[in-house]
Amino acid sequence: MAPGALQQRQMISSPSIKPPQLSFTFNTNDNRATALFGDAAGCITHQVTQTDSPVLVIKTHAEIRTDNYLLNTNFDDLDRIRDTMHPRDVEKAVNKYLLFVENAVKGLVAGKFTDAQRPTVLNKLLNLLCLTSSFLELNNLLRNRFRDCGGTDLLIENCVSEDPRLQYSSAMLLVECLDPGNLDYVVNHGLIKIMHVVHAYQKKRTANQSKVSTGLLAKLFEHSESTCMRVIQLHGLDVLLAECKSRDIVTLRNCARALANLSMYGGTDVHDQMVRHHAHTWLFTLAFNQDNSVKYYALLATAVLAADRTIEAAMANCDTLDLIDPFVTTHVPADLVEIGALVGPVLGQGRRWLQCLVPVLSCDRREAYTLAAFHFCAEAVSSSELRHGDIAGTFRTIGAVEPLMKLAGSIDDVTSGLAAQALRSIGERVPRPLSQKVPLWKVEDVVQWTKSIGFGEWAGLVNDKINFADGDWLLMVTEECLKERFGIPNGIMRKRFMRELHKLKQLADYSCIDSTNLKSFLQSIGSEFSVYTYNILSAGFDSESIRFITDDQLAYKCGIANGIHRNVILNSIKCRMKYE
């Protein structure tokens, strides 16, 4: 039956439904439920088998259909299941609560309850889904039964209700029910009505209404690029950014998650809209929040935006990127499990989520690909420890292994360590890490680095034609040299190589040949100026003697062809001398 389709049968009064053979898993990492199931190990599985005779759920099935039961049940037997884990108790709960959900929804659809009772019944359903959120398979069964009985259609219609209590209760429950099985149907049949309640809560909002509206937006932004654009056109992004001013932590978690989803699933046109609406500047505020969930999703959104070259100018001086290194160095990948428990799963979201992050692994921004490596490492380690899913197969299918190999062999210690850990967790070979002291590299180091950046065919030329192609040669190579010595006529390929070389120069450690730390001075001018460190050192200047350098020496002895850069360097030298 299609999601949301209404069944026109009468209220059930037949013997209890016997479920098929099921394996129930308790997820004790989920803190969103008020009742947690499982032991200290973090995961319990239990097998429920069919019985030959019906299991009595309660004394009479008629009782479960009464208004009194539907309105007043407290679900306390879920605690007993957690304590005893007896197979028959689990089976009773499955029968009982599938019947409860079906009768509650059908009663609502049929107008069985009074105006005052309807929000109460919806709140009961919400409470039940939250209580079973750590009882994964039962929760999925309840969600499916709710949907197939017409619950989704009911909630969509209630979003435009003039009864504020009914509208609010329905919107809260809709946030909980917007899983992948429902999302497509809701977007195609109820997007306008959902946006109605989002805007209604913006005009005169309370903290609870803000939680609901931002929760709805976070779920809608998970659907597709076209849906993201439609919601933006319906002013959903404006509502979301206005909520970023909130002090309520749940609202801010929803905002950060929504912006992460928007950047992950949105595509270049959506990214452009985010920049036009100044969403990337709001990410800085969110990334400064003390809550790890808010912080991480804001950083993740920033990393994805930084990898999009179509908005490179807007992200060039993005201060939020500077907050990634402090986060990565003060957290371990396992922390993402705790973050996911607070605001929804960070890990284990499937192939589509990870596939959106693969391009970030290969982008030009070091901070961005470091955070992506951190996330892939967390995904690999978590899956390896819990032994769930074929994460190794997923990594290979989406093309994540090759960029992780490249990062594992890079000279950045943090990034290479994260990528290497991810590769080890999925059983892949880990390449030898390269030293950051590039001036001391030997030919074999240059060959390995050339292969790691995707120019394996050039690596052979290094061995065959240029036996002296050590670190010194690499740091001084020019695009003209690539054309003449390597015989590479393709200008695009040469520019790609030089772009990778510039990144290498920025990461390189020159302390082995320079005790005055010239690189630090050049970095203080701008990160892009550190690529000139080796050229200036090779011309005989260091951090002290550079005060005497001239424009001609920068141009001809140091090979800095960019006149603007030469002028900026000379002005910075004058400013430093003025304050010394």
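If you're wondering where the values come from, they're calculated on a predicted model, not measured in any experiment.

A. Fine view of the overall build of the chain. Assigned secondary structure in the chain consists of 31 helices and two strands. Here the chain holds 580 residues, and the buried ones make up 55% of them. Intrachain contacts of the chain at a sequence separation of at least 6 include 70% that bridge at least 24 residues. For the chain, the computed accessible surface area is about 25,700 Å², with 50% contributed by carbon and sulfur atoms.

B. Broad picture of the nonpolar core. Grouped together as the largest cluster of nonpolar side chains are 174 residues, with contacts concentrated most on L259, F376, F395 and I536. Among all residues touching I536, those that are not within four sequence positions of it are L518, L522, F541, I546, L554, C558 and I560.

C. Structural context of the packing of helix α12 (residues 249-276) against helix α18 (residues 351-361). Direction vectors running N to C along α12 and α18 enclose 75 degrees, while the axes themselves pass 9 Å from each other. As judged from the angle between their axes, α12 and α18 are roughly perpendicular. Residue-level inspection shows N261, M264 and Y265 of α12 in contact with α18, the latter providing R352, W353, C356 and L357. When its residues are assigned to classes, the contact of α12 with α18 shows five nonpolar, one polar and one charged.

D. Broad picture of the environment of K92. By the secondary structure assignment, K92 is in helix α3 (residues 87-109). On the basis of relative accessibility, which here comes to 29%, the residue K92 falls in the partly exposed class. Taking the C-alpha atoms as reference, K92 lies 9.7 Å from D77; in sequence the two are 15 residues apart.

E. Molecular detail of the environment of S246. Within the secondary structure, S246 is located in the loop between α11 (236-243) and α12. Note: C-alpha distance between S246 and S210 (36 residues apart in sequence) is 8.5 Å. Apart from the residues lying within four places of it in its own chain, the contact partners of S246 are T251 and L252.

F. Summary view of the packing of aromatic side chains. As enumerated under the stated definition, the model contains 12 aromatic pairs in all. Measuring from centroid to centroid gives 5.3 Å for F376 and F395, while their planes differ by 75 degrees, and the two rings are edge-to-face. Here F376, found in helix α19 (residues 366-386), pairs with F395, found in helix α20 (residues 391-397); they are 19 residues apart in sequence, far enough to count as distant. For F376, a relative accessible area of 0% puts it in the buried group. Assessed through its relative accessible area of 0%, F395 is described here as buried. Positioned over the ring face of Y265 is R352, at 4.0 Å from the centre of the ring. The ring centre of F521 lies 4.5 Å from the NZ or CZ of R576, which sits over that ring.

G. Region of interest: helix α13 (residues 279-287). The complete set of buried residues in α13 reads A279, H280, L283, L286 and A287. Down the axis of α13, the buried set is contained in an arc of 100 degrees. They therefore lie on one face. Tucked inside the fold, the buried residues of α13 contact α11, α12, α14 (292-306) and α15 (312-315).

H. Helix α23 (residues 443-452), seen in detail. Taking burial as the measure, the 10 residues of α23 include eight buried ones, the bulk of the element. Every buried residue belonging to α23 is among V443, D445, V446, V447, Q448, W449, T450 and S452, and all of these are buried. Of the residues trailing α23, G454 is marked for its positive phi of about 95 degrees.

I. Fine view of unusual backbone geometry. One non-glycine residue, H235, lies in positive phi territory at about 70 degrees. Note on placement: H235 falls in the loop between α10 (225-233) and α11. What makes H235 partly exposed here is its relative accessible area of 47%. Notably, H278 is not glycine yet its phi reads approximately 65 degrees, a positive angle.

J. Up close: the state of the cysteines. Applying the stated criterion across every chain, the model contains zero disulfides. Free of any disulfide, C177 has its nearest neighbouring cysteine sulfur in C130, separated by 9.5 Å. Classification of C177 by relative accessible area gives buried; the value is 4%. In this structure C228 is a free cysteine whose sulfur lies 9.8 Å from that of C356, the closest cysteine sulfur available.

K. Representation of the pattern of salt bridges in the model. Scanning the entire structure with this criterion turns up 21 salt bridges. Residue R145 pairs with E102 through a salt bridge whose shortest N-O separation is 3.0 Å. With a gap of 43 residues between them, R145 in helix α5 (residues 136-148) and E102 in helix α3 connect regions that are remote in the sequence. Take R145 and E102: they sit in the same class, and that class is buried. A salt bridge links R365 to E367; its shortest N-O distance comes to 3.8 Å. Bridged by salt links that share partners, the residues R143, E176 and D179 form one connected network.

L. The side chain of D291, seen in detail. You can see D291 is positioned in the loop between α13 and α14. The class for D291 is buried, based on a relative accessible area of 13%. Setting aside residues up to four positions removed in sequence, D291 forms contacts with I249 and R253.

M. Geometry of the packing of α11 against α12. Relative to each other, α11 and α12 sit at 140 degrees, their axes nearing to 10 Å. Taken together, the axes of α11 and α12 are oblique relative to one another. In the crossing of α11 with α12, the sense of the turn from one axis to the other is left-handed. Of the residues in α12, those in contact with L237, L240, L241 and E243 of α11 are T251, L252, C255, A258, L259, L262, Q273 and M274. Across the contact of α11 with α12, the residue classes break down as nine nonpolar, two polar and one charged.

N. Region of interest: the environment of F327. Mapped onto the elements of the fold, F327 is located in helix α16 (residues 324-330). According to the relative accessible area criterion, F327 is buried, its value standing at 2%. Separated by 44 residues in sequence, F327 and L371 place their C-alpha atoms 9.0 Å apart.

Criteria and cut-off values
Residues numbered from 1 in each chain as written. Predicted model: local features only at pLDDT ≥ 70, side-chain atom pairs only at ≥ 80, totals over all residues. Heavy atoms only, no water. Helix = DSSP H or I, 4+ residues; strand = E, 2+ residues; numbered from the N terminus. Buried < 20%, exposed > 50% of the residue type's maximum accessible area, 1.4 Å probe, protein only. Contact = heavy atoms within 4.5 Å. Areas by Shrake-Rupley, 256 points an atom, 1.4 Å probe, with all protein chains shown as cover. Core = buried A, V, L, I, M, F, W, Y, C linked by side-chain atoms within 4.5 Å. Axes fitted to C-alpha atoms, helices over the stretch in contact; angles between N-to-C directions. Parallel < 35°, antiparallel > 145°, perpendicular 65-115°, else oblique. Nonpolar A, V, L, I, M, F, W, Y, C, P; charged D, E, K, R; others polar. Phe/Tyr/Trp six-rings, centres within 6.5 Å; stacked < 30°, edge-to-face > 60°. Lys NZ or Arg CZ within 6 Å of the ring centre and 35° of its normal. Arc of directions from axis to C-beta. Disulfide = S-S within 2.5 Å. Salt bridge = Lys/Arg side-chain N within 4 Å of Asp/Glu carboxyl O. Left-handed = near helix turned anticlockwise from the far one by under 90°.

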